[in-house]
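Architecture and fold: a report
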Amino acid sequence: MVSPYRSIPPEGQFDKTSCWAASLCWWLKAAKDGRPQWSQSKIISEYNKHCDPDTGVFIVKDIMDVFGKDSRLKMSLGVFEVSKYKHHRALPLGDAPVFILFRHKEGFTHANVVFEPNDQARTVACMEPLFPRPGKDGQRTGTIETRKCDEYYADTHVVLGWPTVKFS
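As a starting point, this report considers the structure included with it.

What counts and how
Residues numbered from 1 in each chain as written. Predicted model: local features only at pLDDT ≥ 70, side-chain atom pairs only at ≥ 80, totals over all residues. Heavy atoms only, no water. Axes fitted to C-alpha atoms, helices over the stretch in contact; angles between N-to-C directions. Helix = DSSP H or I, 4+ residues; strand = E, 2+ residues; numbered from the N terminus. Parallel < 35°, antiparallel > 145°, perpendicular 65-115°, else oblique. Left-handed = near helix turned anticlockwise from the far one by under 90°. Contact = heavy atoms within 4.5 Å. Nonpolar A, V, L, I, M, F, W, Y, C, P; charged D, E, K, R; others polar. Buried < 20%, exposed > 50% of the residue type's maximum accessible area, 1.4 Å probe, protein only. Pairing = 2+ DSSP bridges. Core = buried A, V, L, I, M, F, W, Y, C linked by side-chain atoms within 4.5 Å. Salt bridge = Lys/Arg side-chain N within 4 Å of Asp/Glu carboxyl O.

In a pair of packed helices, the angle between the axes and the distance between the axes together describe the arrangement. Contact geometry of helix H1 (residues 19-31) with helix H2 (residues 40-47) gives a least axis separation of 9 Å together with a crossing angle of 120 degrees. In terms of axis orientation, H1 runs oblique to H2. Along this stretch, H1 crosses H2, giving a crossing that reads as right-handed. In contact with Trp-20, Ala-21, Ala-22, Leu-24, Cys-25 and Leu-28 of H1, H2 contributes Gln-40, Ile-43, Ile-44 and Tyr-47. Here the residues of the contact of H1 with H2 are counted per class, giving nine nonpolar, one polar and no charged.

So this is what it looks like as structure tokens:
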């Protein structure tokens, strides 16, 4: 079954370190349910204070802490051991869309949003903000594509963020 998420235009990341902001921007549009509909610029201005001032990088453990505690996002985050899924099935997505932080096969930490798991084919659909690649800062469009889950298994763990938390 094709999900309604494919009709949401992808979000290209502004620069080499803003994949988290582009992915969160798209995730908020897809998750809806009273979440803020922030632009990537608004997200960066909201959370930039948590980024390393020299590199612009938002460290994974800090993203987990900050996003998990921000009740406006209504996001649950967890760390998952890749070895439990690597040879058996697609990612443990549950409620989609799912924000994912992972080690890119080229060695850098990266963010996407994943949905439409297919356990038999071991694939997921994703919103990839680093497109076109290499592309130019400020000119990426992002893309929606289907990819093998193995592309998310370059490290021992992935971080997943779901739209499952309800705050009163």
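From this point, the discussion proceeds with the structure in view.
Bringing the pairing of strand E4 (residues 123-128) into the picture now. Here E4 lies mainly inside the structure; six of its six residues are buried. The two faces of E4 match: Thr-123, Ala-125 and Met-127 on one face and Val-124, Cys-126 and Glu-128 on the other face are all buried. In this structure, strand E3 (residues 109-118) lies alongside E4, joined through four bridges in antiparallel fashion. Paired with Val-114 across the bridge in E4 is Cys-126. What sits between E3 and E4 in their antiparallel hairpin is a turn of four residues, with Arg-122 showing a positive phi close to 55 degrees. Where E4 and strand E5 (residues 143-148) come together, six bridges link them in antiparallel fashion.

So, on to the nonpolar core. Among the nonpolar cores identified, the biggest contains 30 residues, and Trp-20, Leu-24, Ile-43, Tyr-47, Phe-67 and Phe-99 are the most heavily contacted of them. Every element with two or more residues in this core is listed here: H1, H2, helix H3 (60-69), strand E2 (98-103), E3 and E4. A per-element tally of this core places H1 first, with 10 residues. Those residues in contact with Phe-67, other than ones at most four positions away along the chain, are Trp-20, Leu-24, Tyr-47, Phe-58, Leu-73, Met-75, Leu-77 and Phe-99. Counting 17 residues, the second largest nonpolar core, distinct from the first, contains Val-82, Tyr-85, Val-114 and Tyr-153.

With that out of the way, let us pick up the sheet that holds E3. Pairing is antiparallel in the open sheet, where six strands are placed in the order E1-E6-E2-E3-E4-E5. Strand pairing shows two members of the sheet lacking a second neighbour, strand E1 (76-81) and E5, which therefore form its edges. For this sheet the average axis-to-axis angle between neighbouring strands, irrespective of direction, equals 35 degrees. This element, H1, spans E2, E3, E4, E5 and strand E6 (157-162) of the sheet and lies at about 35 degrees to E3. Packed onto the sheet, H3 meets E1, E2, E3 and E6 and runs at close to 145 degrees relative to E1.

Under the counting rule described, the total for this entry stands at 14 salt bridges. Close ionic contact of Glu-46 with Arg-72 constitutes a salt bridge, the shortest N to O distance being 2.7 Å. Of this pair, Glu-46 sits in helix H2 while Arg-72 sits in the loop between H3 and E1; the two residues are 26 residues apart in sequence, bridging distant segments of the chain. Assessed through its relative accessible area of 35%, Arg-72 is described here as partly exposed. Its salt-bridge partner being Arg-147, residue Glu-145 comes within 2.4 Å of it at the nearest N-O pair. Residue classification places Arg-147 among the buried positions, given a relative accessible area of 9%.

All quantities given are derived from atomic positions and should not be read as evidence of function.
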